[in-house]
Structures are given as C-alpha cells and as structure tokens.
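The lines below spell out each chain.
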Amino acid sequence: VYEYSSNGNVPYTIVVEYECRNEYPIVTPPVYNDTTTATTSAPNYYCENDEAQDNHVRANAAPLDLDTQPISGLICAPHASDWFLLPITCNTTYVEVGVDVLFAHSDGDIDTVLVGDSGLLSSSTSASDNERMGVLAYATETFFLHVYEYSSNGNVPYTIVVEYECRNEYPIVTPPVYNDTTTAT
C-alpha cells in the first residue's frame, strides 16, 4: 500500500482472504484433436440467457464492450467456464488493470484468472461473494479473462466490471523507514 496522490492521512483497511483446498479446481480444458492442436470446440452448453454462448474456450473468447459496463454473464452448467477478451488499447508503456467479477456465493463458487500473452497475470479464488484481480503490465499485452465455476450446479449469474489506467511510468513505491528497533515510522 502506498500513497499515489493525496495529502496524507488516508485511512484504509487491508483484508486478506485465503482458502486451503485439498483439490485443484476442475476447469474444462480446450478439446484437442489427434494432432494435439487445440480445436475451437467445447462441450455444447446452452444457456438461454448467456449472450456469449460459444466462449467456453480461449480461442472463442468473447470481446467485452468496456464502454457498456457492468457486463452480465452466466455460468450455465457444472464446471463450465467463460472466456472474454478485454480490448484495452493504450499508447503508453504500461497499463494498470482491475477486474471485478461480482456474484452471490450462495448461487455457486466462481473463480477467475486474468491471462495475457506472457501467461498468468492474476487470479482470484475466494470462497465468498465476488472475485477481484489487479495487475500492472506492459500495455502491449492482450488480456483475457477466464471465469469458471468451482462448485455449483450451474446457473450462476455474474457481473464483470473492468477498470484500467494507461501509464507511461511504472509507479515508484517508497518503502517505510525503519528505526533501530525495526518499528515502521
């Protein structure tokens, strides 16, 4: 936590959530053909209220309209997943991206992953309402959001909110100053 721009005396709260698991979450992977090339097919889920019907694999990621937010989605079957392309364009060196996926945990447990050209950028796997991710990356990245159902019987509605800020400079974080007794001043 650092002060980016203010006059100081800004109260804040840090909340840390974690979950110990005995099993790795089941995610429906892409289907591979005989030549081990990923195909664009996936289990044929049908959701009556899911506008991005064919986005169950990354190759078919549905582009999000970031000018029309919040964006609604639906996990329609057990262990289903949705992929989205985040069309972020910056004429800067860096981009700071924040993604919230809002849902009621009582409907089911959704987890999220933010993936870029360079691989995994961020993930959120809480056991409560909502998932939140944030990353500072090069602006040349192509961003994909993977929303998947960890446990439920499907029909889990969710809402996506994406915020981003284009930056030319990498934020400089000033560490706290410690005195002789290693107490932060």
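This report concerns the structure included in the present document.

**Things to note about the packing of aromatic side chains**
Part 1 of the reasoning: For the structure shown, the criterion picks out one aromatic pair.
Part 2 of the reasoning: A centroid spacing of 5.5 Å and a plane angle of 25° characterise the contact between Tyr94 and Tyr138, whose relative ring orientation is stacked. Taken as a pair, Tyr94 in strand β4 (residues 94-102) and Tyr138 in strand β7 (residues 131-138) lie far apart in primary sequence, 44 residues in all.

**As for the pattern of salt bridges**
Side chains that carry opposite charge are capable of pairing whenever their charged atoms lie near each other.
Part 1 of the reasoning: The full count for this structure, using the stated rule, is three salt bridges.
Part 2 of the reasoning: Of the charged contacts, one joins Arg132 and Asp100 as a salt bridge, the two residues approaching to 2.6 Å between their closest N and O atoms. Note that Arg132 is positioned in strand β7 and Asp100 in strand β4, a separation of 32 residues in sequence.
Part 3 of the reasoning: Residues Arg167 and Glu165 are paired through a salt bridge, measuring 3.8 Å at the closest nitrogen-oxygen approach.
Part 4 of the reasoning: When salt bridges with common partners are traced through the structure, they connect Glu96, Glu165 and Arg167 into a single cluster.

**Digging into the sheet that holds strand β9 (residues 156-167)**
Part 1 of the reasoning: The four strands lie next to each other as β2-β9-β4-β7, forming an open sheet whose pairing is antiparallel. The sheet is open, and its two borders are formed by β2 (71-75) and β7, each paired with just one other strand. The average angle at which neighbouring strand axes cross in this sheet is 25°, direction not considered.
Part 2 of the reasoning: Taken together, the eight bridges between β4 and β7 define a ladder with antiparallel strand orientation. Considered in β7, the bridge of Tyr94 is made with Tyr138.

Rules of the game
- Residues numbered from 1 in each chain as written.
- Predicted model: local features only at pLDDT ≥ 70, side-chain atom pairs only at ≥ 80, totals over all residues.
- Heavy atoms only, no water.
- Phe/Tyr/Trp six-rings, centres within 6.5 Å; stacked < 30°, edge-to-face > 60°.
- Helix = DSSP H or I, 4+ residues; strand = E, 2+ residues; numbered from the N terminus.
- Salt bridge = Lys/Arg side-chain N within 4 Å of Asp/Glu carboxyl O.
- Pairing = 2+ DSSP bridges.
- Axes fitted to C-alpha atoms, helices over the stretch in contact; angles between N-to-C directions.

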